[in-house]
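A look at the structure
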Amino acid sequence: MSERTPLLHYRLSASVNESDPQPGAAGDGVEVAERTQGTSRRRTNEQPQKLSTFFGVVIPTLLSMFSVVLFLRIGFVVGQAGLYQGIAMFLVAYVIISMTVLSVCAISTNGALDAGGAYYMISRALGPEFGGSIGIMFFFANVCGSALFVLGLVEAIVDTFGIQEDGGALGGMRVLPNSYWWALLYGTGILLLCLLVCLVGAHIYAKATFIIFLIVMVVLATILISFFAVKPRVVQLPQHSLNGSSSTANFTGFKLSTLQSNVYADYTVDYTTGKMMTFATVFAVMFNGCTGIMAGSNMSGDLKRPSYSIPRGTITAVIFTFIIYNLLCLLMACSCDRTLLQKNYSFLQDINVWHPFVIIGIYSSTLSAAMSNLIGASRILYAMARDDLFGRVLSPAKRTSRSGNPWVAVLISWFLVQLVLFTGKLNTIAGIVTIFFLLVYAAVDLACLALEWASAPNFRPTFRYFTWHTCILGIVGCAVMMFLINPIYASASIAFMLLLLVVIHYLSPTSSWGYISQALIFHQVRKYLLMLDVRKDHVKFWRPQVLLMVANPRGSTSLVTFINDMKKSGLYVLGHVELGDLDILPSDPLQARYESWLSLVDQLNIKAFVNLTLADSVRHGVQHLLFISGLGGMRPNTLVLGFYDDCSPQDHMQESQMQSSSSVDGFSSTTDPEEPIQPNFPALRGEGGQGKSLSGTEYVGIIADAVKMSKNVALARYFCRFDRTEVLGRRAGVYVDVWPLNLMRPDSSSYVDTCSLFLLQLACVLTMVRAWRKAELRLFLCVEAGRSVRGPEEKLRQLLRELRIKAAIHTVPWDSVVALHWHKQAGGEKDSGEPRDELEENDFVNSFPSNATRLSDDYLQAVNRLVLEQAFPPPAVRFLYLPRPPADTRLYPTYLHQLDLLTRDLGPTLLIHGITPVITTDL
C-alpha cells in the first residue's frame, strides 16, 4: 500500500560482500554505493545487477498496492459510497497518482540512478531542501503505513479467531480475546516479528517477494472465480457490527436488483470506529490502495536498467491494479447486498470457494507490506543520516552491523511504528497516511514542475509523456483531496514540510547535488532583466546602485558594511583590480581568488556581487569595471572610492571573527568535503603609503573618468575608524551631518544644485535603513553676516517639507573664514604650496574657483576647523560636497591636496559629487 524498499541494502565498506548469492534476492552479492565525506563511490558488483522490470518494479509495486484495501476494504468502499461514487473515487485517485507517476518517470529517466530510490532521485535532482523534506515525509508515511498494515492484519486475525469482549465464544476457532489492549498486544507481537526480520536483513524478505506475489495472485484469482462459481448463500455478520440489526446478510449472486440497490451512496456509521462516514473519509481509506507507486523506483540501485524499468514497470502496475479494483467493485455491487458490504469487511473469505484462501492472502500480503514499510522507513532514515542533512540529530542512524544492516535506523523506525499502533483502529490512521502520501506526491509533482519551468539544458528525460500541465494537475488534485480528507491534518502537514525546507536550507551543509532554487532564480532573473528597460527609468524610482572599489578587504570591512547599509535595496558590487598582463601569465589569477571574495560576502552578511578584473593599471581596471559591471537596467550609477592619503590601513579582518563554524545548533558538516572557504587576502601595505598601486594623479583621473561616464562619485575617508556596532549603540543619539554647500567655492551660495540634492538624498537613504532609523539628520547652512539668514533658511525648510525629509537645520556663521580667504587672495599669497605658473581661468571650470579666487591652505584649514566645531554631539558620519576634478590634469595634485586639508581629522566622511537628478516633489 505504501512505499517499500525491500531490496535496498547498504554497505559501510567496499570490502564487505555477500556470499552465495541467490537468484531472486535483490541486494545479495551487490555492493551498494557508499558516500564518504559527501562524495559518491561507484558501485562494484561481483555479479551484474539482475533485477528485470517485472521482478524489480512490477512485483513490488503490485504488492504495495494490493493488501488491506484489496481484501478488507473494497466491500467497505462499495457499501458506503455505492458503485458510481466508488468508481469515481478510483478514477480521481488514479488521475492523481497517474500525474505523479508521470513526474516520477520523467525524473527517473533524466540520468543514471543509484541506490536510494525516490529519495535519491529527488535529492540529487532538486537539491537538499526538496530531497530532505520529501525524505522526511516519506519516512513518516512509511512509518504510518507500516502501522496501518499491522492493524489491518490484527483486524483480520481478530475477525477470524477473536471472541466477543464479554467472553462469549462464536465458534471453535474463536479463542483470542478481543479488546483494545488485546488488539494492541497482537499488533505489538506482529511488529516484533517484523523487527526481528528487519534486524537480520532485508534480503530475507526480498527472497520471499516472488512467493508472496504468487500467493496474492492465486488468492485474487480464487476471489474472481468465486463470484461466478459460488451459489447464493447467507453470511453470518460479526457480532460487534450488529448494533441491534440482523445478524445475517446475503450473497445473492448476480442479480439486477442487487446491482440497483448498490448503485448509489448510503453512508452509515463505520462499525470499527463508530464514526459516520462521508465521501472524504471513505476516499481516505480507499486511497491507501493506490499508494505504493514509488516502490519500483525505490529499487533503482538493483535494476538492470533503472531508466527503462521504472516507467514501464510502474505504469504497468498502475494500469493492472486500476482494472482489478474497478472489476471487483462491479462484481461486488452485482452480487452482495448492502448490509453484507457495510457490516462485514471480511466477507470475501465467507464467499470464497475455499475460505482459508482469502485468510492466507490477507495474512501474507499485510505482513509483507508491514515489513516492507518498516524496512523502507529505516532505509530512508539511514540514507538521510548518511547525507548529513540534519547533522548530529540523525547521526546515530548511520550505525550499521557488519553486514551493512542499519540496525539503529530499524530500531528508531520500529519505535515510531509502535507509537502509531496506540491509535488502535485502521480507519483512524488511514486519513493521516493518505495525507502524508498526497503531500509527498504533490511535492514530487512540484519538483518535476520546477525542473520543467527552470528550462535547464540538462533536464531532458527520455520519458516525454508529461508536461507542466500534468504536474499542475497532480499538485492541485493532491492539495484538494488533502483538504477534503482533513483540513487540520493537511494544514499541519504542509506547515511541517515548509519548516523542514527552511531548516534544511539554512542548517544543512553545502552539497554538490545542485539546487533547483538556483535554476529557477536564474530563469526568472533573466526574464525580468530583459523586462527592465533603462528607457523607462524615472527619478521617482531612483535608488543608489554602487560600485565600491576595494584594494584589500582586510582594511575595508567597515566601509564595505557601511555602503551595504546605504544601497537601499539597490545593486551593490565589490570591485577589485588586480595588476597583471594575461599575455605573460600561465592562467587567470582571479579565478583562484574569486572564492575568497564570495566567502567574504558571506562572512560579512552583506548583499553584494563581486566583480574582479585584471588590468595593467588601476585606472584602466576601474574603467573596465565601470563599463562592464551590471547587466541591462541593473548597472552601477555611483562609484565609491577610499580616500587617497598616507594613512596606514588597519587590519579589521580578525581570524577569530571571520572563521565560520562548521556546526550550528547541532547541525554539523563534518562529513562535508566542501568546507566553507575562508577569506584569504594578502597583508596590508606599509605605513607612509608604501606599496600603493597607483599615484595621486591616477587616483584623481579615476574620479574624472567616472564623471565623464555620468557616474556619481563618493570618496570615503577615515572609515577605518568607523565601528558600526558602537555607533548604532550610542545612547546619546546617532547623528548624520550634511554640508550641502560647496565649501571649496566660497563665492557660491547655492544649496539646491544637483550635487547638493544628491548629497541630501544619500543621507536620507541612510536614515531609512532599519538599523539607522534612530539617526537624526543635521543640515548645516553656512551664512554671512551681511546677508539675510531668514530667506535661505526658510527656503531650505520648505524644500525639506516638499521632499518629506526630516532634518534639523543649523546656521553656521562663517564670515571669518570667508574673510580669511579674500584677505589671502588680496595679498597675493600663494596657496596649496603650488606655484601659480601660467594657469588660466578655465583651469577650474565647474570645480575650483577662478583665478581670482584661488584657495589657500589657511582657508581650507579654517573650513576644516569650522566643520569640527559643529561636531557636538559628534556625528556618526559626515556628508560633504565634492567638486568635480579640474579639467587640467596638471591641477590634479592641487585638487587632491585641497581635499586632504578640507577633510583632515573629520572622522568618517563621505565626499560626494552627484550628477544624477534623484529628487522630485511630484507624486
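Read on for an overview of the structure. Keep in mind the model is a prediction, meaning the values are calculated, not measured.

What counts as what
Residues numbered from 1 in each chain as written. Predicted model: local features only at pLDDT ≥ 70, side-chain atom pairs only at ≥ 80, totals over all residues. Heavy atoms only, no water. Helix = DSSP H or I, 4+ residues; strand = E, 2+ residues; numbered from the N terminus. Contact = heavy atoms within 4.5 Å. Areas by Shrake-Rupley, 256 points an atom, 1.4 Å probe, with all protein chains shown as cover. Axes fitted to C-alpha atoms, helices over the stretch in contact; angles between N-to-C directions. Parallel < 35°, antiparallel > 145°, perpendicular 65-115°, else oblique. Nonpolar A, V, L, I, M, F, W, Y, C, P; charged D, E, K, R; others polar. Patch = residues over 30% accessible without salt bridge, like charges linked within 9 Å, V, L, I, M, F, W, Y side chains within 5 Å. Salt bridge = Lys/Arg side-chain N within 4 Å of Asp/Glu carboxyl O. Lys, Arg positive; Asp, Glu negative; His and termini not counted. Charge placed at Lys NZ, Arg CZ, Asp CG, Glu CD. Buried < 20%, exposed > 50% of the residue type's maximum accessible area, 1.4 Å probe, protein only. Core = buried A, V, L, I, M, F, W, Y, C linked by side-chain atoms within 4.5 Å. Polar contact = N/O pair within 3.5 Å; in protein donor to acceptor, adjacent residues only side chain to side chain. Pairing = 2+ DSSP bridges. Phe/Tyr/Trp six-rings, centres within 6.5 Å; stacked < 30°, edge-to-face > 60°. Lys NZ or Arg CZ within 6 Å of the ring centre and 35° of its normal. Right-handed = clockwise from strand over helix to strand, strands pointing away. Disulfide = S-S within 2.5 Å.

1. A word on the overall build of the protein chain
Secondary structure summary: the protein chain contains 28 helices and 18 strands in total. If you take every contact in the protein chain between residues at least 6 apart in sequence, the share linking residues at least 24 apart comes to 81%. Total accessible area on the protein chain is roughly 39,000 Å²; 59% of this is exposed by carbon and sulfur atoms.

2. Description of the packing of helix α15 (residues 468-485) against helix α16 (residues 487-507)
With their axes 5 Å apart at the nearest point, α15 and α16 run at an angle of 130° to one another. What the angle tells us is that α15 and α16 run oblique. Residues Met482, Phe483 and Ile485 of α15 form the contact with α16, whose participating residues are Pro487, Ala490, Ser491 and Ile494. Of the residues belonging to the contact of α15 with α16, the class tally is six nonpolar, one polar and no charged.

3. Examining a positive patch on the surface
There is a patch of like positive charges on the surface, built from Arg543, Lys568, Arg770 and Arg773. As for its position among the elements, arginine 543 is in the loop between α17 (516-531) and β7 (546-549). Judged by its relative accessible area of 35%, arginine 543 is partly exposed.

4. What to know about the nonpolar core
Counting 160 residues, the largest nonpolar core has Phe90, Ile97, Phe227 and Tyr441 as the members making the most contacts within it. In terms of nonpolar packing, the next biggest core, distinct from the first, is built from 111 residues, Val560, Val577, Leu766 and Val818 among them.

5. Some words on the side chain of serine 617
Following the sequence through the fold, serine 617 ends up in the loop between β9 (609-615) and α20 (618-628). Residue serine 617 is classed as buried on the basis of its relative accessible area, which comes to 16%. For serine 617, the side chain forms a polar contact with the main-chain nitrogen of histidine 620, separated by 3.2 Å. Among all residues touching serine 617, those that are not within four sequence positions of it are Val577, Leu579 and Glu698.

6. Describing the pattern of salt bridges
Enumeration over the complete set of coordinates arrives at 10 salt bridges. Residues aspartate 900 and arginine 717 are paired through a salt bridge, measuring 2.6 Å at the closest nitrogen-oxygen approach. Of the two residues, aspartate 900 is situated in helix α28 (residues 892-903) and arginine 717 in strand β13 (residues 712-717); the sequence distance between them amounts to 183 residues. Across the pair, arginine 717 and aspartate 900 agree in class, each one buried. A salt bridge links glutamate 794 to arginine 801, with the nearest nitrogen and oxygen atoms 3.6 Å apart. The exposure class of glutamate 794 is partly exposed, given its relative accessible area of 42%. When salt bridges that share partners are traced, they join Asp645, Arg717, Asp900 and Arg904 into one network.

7. Observations regarding the environment of phenylalanine 76
Structurally, phenylalanine 76 can be placed in helix α2 (residues 68-108). Residue classification places phenylalanine 76 among the buried residues on the basis of a relative accessible area of 1%. For the pair phenylalanine 76 and valine 282, spaced 206 residues apart in sequence, the C-alpha separation works out to 8.1 Å.

8. Comments concerning the pairing of strand β14 (residues 735-739)
Of all five residues in β14, five are buried, a share of seventy percent or more. The alternating pattern of β14 places Tyr735, Asp737 and Trp739 and Val736 and Val738 on opposite faces, both of which are buried. As judged from the four bridges shared by β14 and strand β15 (residues 776-783), these two strands associate in the parallel manner. Looking across to β15, one finds that valine 736 is bridged to leucine 777. Both β14 and strand β17 (residues 877-881) contribute to a ladder of four bridges, which runs parallel. The residue bridging valine 736 from the neighbouring strand is valine 877, located in β17.

9. Structural notes on the sheet that holds β14
The strand order across the open sheet formed by 10 strands is β9-β8-β7-β10-β13-β18-β17-β14-β15-β16, and the pairing between neighbours is mixed. This sheet does not close on itself; its edge strands, each paired only once, are β9 and β16 (807-813). This sheet shows a mean twist of 25° between the axes of neighbouring strands, independent of strand direction. Across seven bridges, the pairing between strand β8 (residues 572-579) and β9 is parallel. Across the sheet, the residue bridging to leucine 579 is alanine 615, located in β9. Here α20 sits on the sheet and contacts β7, β8, β9 and β10 (638-642); the angle it forms with β9, its principal contact strand, is near 135°.

10. What about the packing of aromatic side chains?
Enumeration according to the criterion identifies 27 aromatic pairs in this entry. Plain terms: the ring middles of tyrosine 84 and tyrosine 264 are 5.6 Å apart, the flat faces sit at 90° to each other, and that makes the pair edge-to-face. Taken together, the positions of tyrosine 84 in helix α2 and tyrosine 264 in the loop between α7 (256-261) and α8 (279-287) put the pair 180 residues apart, joining distant regions of the chain. Taking the centre distance of 6.0 Å and the plane angle of 65° together, the rings of phenylalanine 140 and phenylalanine 496 count as edge-to-face. Of this pair, phenylalanine 140 sits in helix α4 (residues 128-161) while phenylalanine 496 sits in helix α16, and the two are 356 residues apart along the sequence. A relative accessible area of 29% means that phenylalanine 496 is categorised as partly exposed. In this structure an aromatic cluster arises from ring pairing among Phe139, Phe140, Phe436 and Phe496. Arginine 73 extends its terminal NZ or CZ atom over the ring of phenylalanine 76, reaching a point 5.9 Å from the ring centre. Here the basic side chain of lysine 527 rests over the ring of tyrosine 528, its NZ or CZ set 5.6 Å away from the ring centre.

11. Thoughts on the pairing of β17
Counted residue by residue, β17 has five buried out of five residues, so it is predominantly covered. Here β17 shows two buried faces, one formed by Val877, Phe879 and Tyr881 and the other by Arg878 and Leu880. Pairing between β17 and strand β18 (residues 909-913): four bridges, direction parallel. In the sheet register, phenylalanine 879 faces β18, and the bridge partner there is leucine 910. One crossover worth recording links β17 to the parallel β18 by way of α28, and it is right-handed.

12. A word on the environment of valine 601
Considering the arrangement of structural elements, one finds valine 601 in helix α19 (residues 590-604). What makes valine 601 buried here is its relative accessible area of 8%. Each C-alpha atom of the pair valine 601 and threonine 561 lies 9.8 Å from the other, and the pair is 40 residues apart in sequence. Those residues within four positions of valine 601 in sequence are excluded, and the remaining contacts are Leu574, Ile606, Ala608 and Val610.

13. A closer look at the state of the cysteines
The full count for this structure, using the stated rule, is zero disulfides. In this model cysteine 334 remains outside any disulfide bridge; the closest cysteine sulfur is found in cysteine 336, 9.6 Å from its own. Cysteine 334 sits in the buried class, given a relative accessible area of 13%.

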